[in-house]
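Given next are the chains, with one letter for each unit.
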Protein chains: 2
Amino acid sequence: MKSEHIPKATIGRLAVYIQVLENLLRDGNDVISSEKLARACSVNSSQIRKDLAYFGEFGVRGVGYYVQELITSIKQSLGIDRVWKCALIGVGNMGTALLRHHDFERRGFQIAAAFDCDPDKIGLEFGDMEIVCPTHLKEQAPEMGLEIGIIATPPDRAQRAANHLVDANIRGIINFAPSRINVPPHIPVEYVDFFDHLYSIAFQITLGND
Amino acid sequence: MKSEHIPKATIGRLAVYIQVLENLLRDGNDVISSEKLARACSVNSSQIRKDLAYFGEFGVRGVGYYVQELITSIKQSLGIDRVWKCALIGVGNMGTALLRHHDFERRGFQIAAAFDCDPDKIGLEFGDMEIVCPTHLKEQAPEMGLEIGIIATPPDRAQRAANHLVDANIRGIINFAPSRINVPPHIPVEYVDFFDHLYSIAFQITLGND
DNA sequence: ATTAACTTGTTAAAAAAATCACAAGCTTGC
DNA sequence: GCAAGCTTGTGATTTTTTTAACAAGTTAAT
């Protein structure tokens, strides 16, 4: 197989595979079968083989997958075999936590610029970055090669932030603010809200009760 | 319709509906049709009606849904019409950010106890909470009515944290650590990793390029 | 060199989820 | 009181996703 439409669920699982594979590698596993990987990920082994088949043939029949090689292949398939520069808008609680989050670099994402419209925050230094007004986005984005926008504003400011990002020709947006945004259809948007997961847990617990 | 198996995707969308409905209510909308709500959520209107139908009949034919009433009904359906007490394990970067996150209370979740096995952290005050050793979980959980466990440890400590939670009869777990955990099947687990969404954005951008 | 034991990639079948389409029901205006 | 205009709830249909099944390819042992 190769190319055609790829389910979003597949992308989510690929992220899981990477995580588990990296832990396997750390534990000294060089080769793994889809069956064993499947158990470690709590999915069906056909599922794994099918997910991978969208992107190519990465295994060896009768043997399995070489772990390091597979990690590299999946990362290439997802386009995360390079550094993506991100623009953060909104340096409140969430934004600050993101700036402090060490995993960004390790995972291939770099918050290269931080924006906030609060006059009290503008000018503040954050590591080697200075917080500036979002109006500067349009000029800084191309200069700095910013490609992904991270919205971490209060909900009522999210749309404005999105407008700034679109105007600055950003290529994709991840929105931590609890509100929907409208952008042109060629710009992918992902919404992040970990309370979704808490709701799901609460629901599953409640369900198990009756 | 009513009860039967409910797709996980439905739960995810109900969370979106709540978010959008709350914003609609704030903007003074008292009634809304599935068609308009669908547009605001970027989904199909039948989808909304079907999602709601799993839980009951909340609308009025010819009229639509009363916004406040619908919010209440969805929250009841999900079991988030009450406060859930949570135990946090791991007070590092992520754990601290969670403790500082103001939305917990507003959304019906309360981090009522914080645990960490680092001797430098044990004894530290956090608001009105003191960080204690995870070995105390088993005794504190029933006393305090802790029902949900939040794992925010480094990846190699996640399984141990999970064991403590299971041992303390916690009813559900949300895992922020980037590693899979094994728990008895009756305990629901949700994995949270917002890099999944960054991967997805990177992939969608890359895909659009060629 | 042949057999036995594995494991992948892929086609076919099954299951699940999303969408359509419409009868049933509410509201308003005349 | 009735017709016209909406909008829900739901059975039927379509689409998508997952799972099963197996031919094709690999390795190791005899």
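Since this is a predicted model, take the numbers as computed values, not measurements.

Asker: An account of the overall build of chain A is needed here, citing residue identities and associated values.
Answerer: Summing up its helical and strand segments, chain A has nine helices and nine strands in all. Structurally, chain A occupies a C-alpha span of about 60 × 50 × 35 Å along its principal axes. A total of 210 residues make up chain A; the buried ones form 50% of that total. As displayed, chain A offers around 10300 Å² of accessible surface, 49% of which is attributable to carbon and sulfur atoms. Measuring between centres, the 21 positive side-chain charges of chain A sit 6 Å from its 26 negative side-chain charges.

Asker: Give me the interface of chain B and chain A: which residues, what numbers.
Answerer: On the chain A side, the residues contacting the 57 residues of chain B number 57 residues. For the pairing of chain B and chain A, the buried interface totals around 5400 Å² over both sides, and the portion due to carbon and sulfur atoms is 68%. For the pair chain B and chain A, the number of links is two salt bridges. One salt bridge in this structure joins Asp-193 of chain B and Arg-107 of chain A, with 2.8 Å as the shortest N-O distance. Between the two partners, chain B and chain A, sit 17 residue pairs in polar contact (both at pLDDT 80 or more). Elements supplying a minimum of two residues to the side of chain B that touches chain A: α1 (8–26), α4 (67–78), α5 (93–100), α6 (103–106), β8 (172–175), β9 (189–191) and α9 (195–209) of chain B. Per-element accounting of the side of chain B that touches chain A gives the leading share, 13 residues, to α9 of chain B. Residue composition of the side of chain B that touches chain A, grouped by class: 33 nonpolar, 14 polar and ten charged.

Asker: Requested: an account of the protein's contact with DNA strand D, with residues and values cited.
Answerer: With respect to spatial proximity, 26 residues lie near DNA strand D, and among them Arg-61 and Gly-62 of chain A together with Ser-34, Arg-49 and Tyr-65 of chain B are the closest. Of all atoms in DNA strand D that approach within 4 Å of the protein, 67% are sugar or phosphate atoms. Arg-49 of chain B is positioned with one of its side-chain polar atoms (N or O) 2.8 Å from a base nitrogen of DNA strand D. In this structure, a phosphate oxygen belonging to DNA strand D sits 3.4 Å away from a side-chain N or O atom of Glu-57 of chain B. Listed by contribution, the elements that provide at least two residues to the surface near DNA strand D are α1 (8–26) and α3 (45–53) of chain A together with α3 (45–53) of chain B. Among the elements that line the surface near DNA strand D, the one with the most residues is α3 of chain A, at four residues. Of the residues contributing to the surface near DNA strand D, the split by class is nine nonpolar, nine polar and eight charged.

Asker: Which residues make up the relation of the copies chain B and chain A, and what are the values?
Answerer: Each copy superposes on the other: chain B lies on chain A with an RMSD of 0.0 Å after a rotation of 180 degrees and an axial shift of 0.0 Å. Such a turn and shift between the copies fits a two-fold axis. Relative to the rotation axis, the closest C-alpha in chain B is found at Ala-97 of chain B, a distance of 3.0 Å.

Asker: Account for the domain arrangement of chain A, naming residues and giving values.
Answerer: When the parts come together, some accessible area is lost, and that loss is often what is quoted as the size of the interface. Structurally, chain A comprises domain 1 (8–78) and domain 2 (84–195). Relative to domain 2 of chain A, the C-alpha centre of domain 1 of chain A lies at a distance of 32 Å.

Asker: Lay out the pairing of strand β4 (residues 109–115) of chain B in plain terms, naming residues and giving numbers.
Answerer: Residues and elements named next belong to chain B. Burial analysis of β4 places six of its seven residues in the buried class, the great majority of the element. Here six bridges tie strand β3 (residues 84–89) to β4, and the two strands are oriented parallel to one another. Paired with Lys-85 across the strands is Gln-110, a residue of β4.

Asker: Account for the sheet that holds strand β3 (residues 84–89) of chain A, with residues named and values stated.
Answerer: The pairing of strands in a sheet happens through backbone hydrogen bonds and is either parallel or antiparallel. Strand order across the open sheet formed by five strands is β4-β3-β7-β8-β9 (chain A), with parallel pairing between neighbours. In the strand order of this sheet, the two ends are held by β4 (109–115) and β9 (189–191) of chain A, each with one partner. Strand-to-strand twist in this sheet, taken as the mean axis angle between neighbours without regard to direction, amounts to 25 degrees. Of the strands in this sheet, β3 and β4 of chain A are in contact with helix α7 (residues 137–144) of chain A, which crosses β4 of chain A at around 155 degrees. Set on the sheet, α9 of chain B makes contact with β3, β4, β7 (148–151), β8 (172–175) and β9 of chain A; between it and β9 of chain A the angle comes to about 170 degrees.

Asker: Could you give an account of the packing of α1 of chain B against α3 of chain B, with specific residues and numbers?
Answerer: Residue and element names in this part refer to chain B. Relative orientation of the contacting elements α1 and α3 amounts to 105 degrees, with a least axis distance of 10 Å. As judged from the angle between their axes, α1 and α3 are roughly perpendicular. Here α1 contributes Thr-10, Arg-13, Leu-14 and Tyr-17 to the contact with α3, which in turn contributes Gln-47, Ile-48, Asp-51 and Leu-52. A per-class count over the contact of α1 with α3 returns four nonpolar, two polar and two charged.

Asker: Could you give me a rundown of the pairing of β3 of chain B, with the residues and numbers involved?
Answerer: All names here are of chain B. Most of β3 is tucked away: five of the six residues are buried. By the bridge criterion, four bridges tie β3 to strand β7 (residues 148–151) in an arrangement that is parallel. The residue bridging Leu-88 from the neighbouring strand is Ile-150, located in β7.

Asker: Hey, could you go over unusual backbone geometry for me, with residue numbers and the actual values?
Answerer: All names here are of chain A. The backbone phi angle of Ser-42 is positive, close to 55 degrees, even though this residue is not glycine. Within the secondary structure, Ser-42 sits in the loop between α2 (34–41) and α3. The class of Ser-42 is exposed, set by a relative accessible area of 67%.

Asker: Break down the sheet that holds β4 of chain B for me, with residues and values.
Answerer: Residues and elements named next belong to chain B. Strands sit in the order β4-β3-β7-β8-β9 across an open sheet of five strands; the sheet is parallel. Two strands lie at the open edges of the sheet, namely β4 and β9, each paired on one side alone. Within the sheet, the average angular offset between the axes of one strand and its neighbour, ignoring direction, is 25 degrees. Sitting on the sheet, helix α7 (residues 137–144) touches β3 and β4, and the angle it makes with β4 is about 155 degrees.

Asker: I'd like a rundown of helix α5 (residues 93–100) of chain A, residues and numbers included.
Answerer: Residue and element names in this part refer to chain A. Buried within α5 we find Gly-95, Thr-96, Leu-98 and Leu-99. Viewed end-on, α5 has its buried residues packed into an arc of 160 degrees, placing them on one side of the element. Of the surrounding secondary structure, the elements contacted by the buried residues of α5 are β3, α6 (103–106), β4, β5 (125–126), β6 (129–130) and β7.

Rules used in this analysis
- Residues numbered from 1 in each chain as written.
- Chains lettered and ligands numbered in written order.
- Predicted model: local features only at pLDDT ≥ 70, side-chain atom pairs only at ≥ 80, totals over all residues.
- Heavy atoms only, no water.
- Helix = DSSP H or I, 4+ residues; strand = E, 2+ residues; numbered from the N terminus.
- Buried < 20%, exposed > 50% of the residue type's maximum accessible area, 1.4 Å probe, protein only.
- Areas by Shrake-Rupley, 256 points an atom, 1.4 Å probe, with all protein chains shown as cover.
- Lys, Arg positive; Asp, Glu negative; His and termini not counted.
- Charge placed at Lys NZ, Arg CZ, Asp CG, Glu CD.
- Contact = heavy atoms within 4.5 Å.
- Buried area = accessible area lost by both parts, 1.4 Å probe.
- Salt bridge = Lys/Arg side-chain N within 4 Å of Asp/Glu carboxyl O.
- Polar contact = N/O pair within 3.5 Å; in protein donor to acceptor, adjacent residues only side chain to side chain.
- Nonpolar A, V, L, I, M, F, W, Y, C, P; charged D, E, K, R; others polar.
- Near = heavy atom within 4 Å.
- Least-squares fit on C-alpha atoms with pLDDT ≥ 70 in both.
- Domains from an automatic or database assignment.
- Pairing = 2+ DSSP bridges.
- Axes fitted to C-alpha atoms, helices over the stretch in contact; angles between N-to-C directions.
- Parallel < 35°, antiparallel > 145°, perpendicular 65-115°, else oblique.
- Arc of directions from axis to C-beta.

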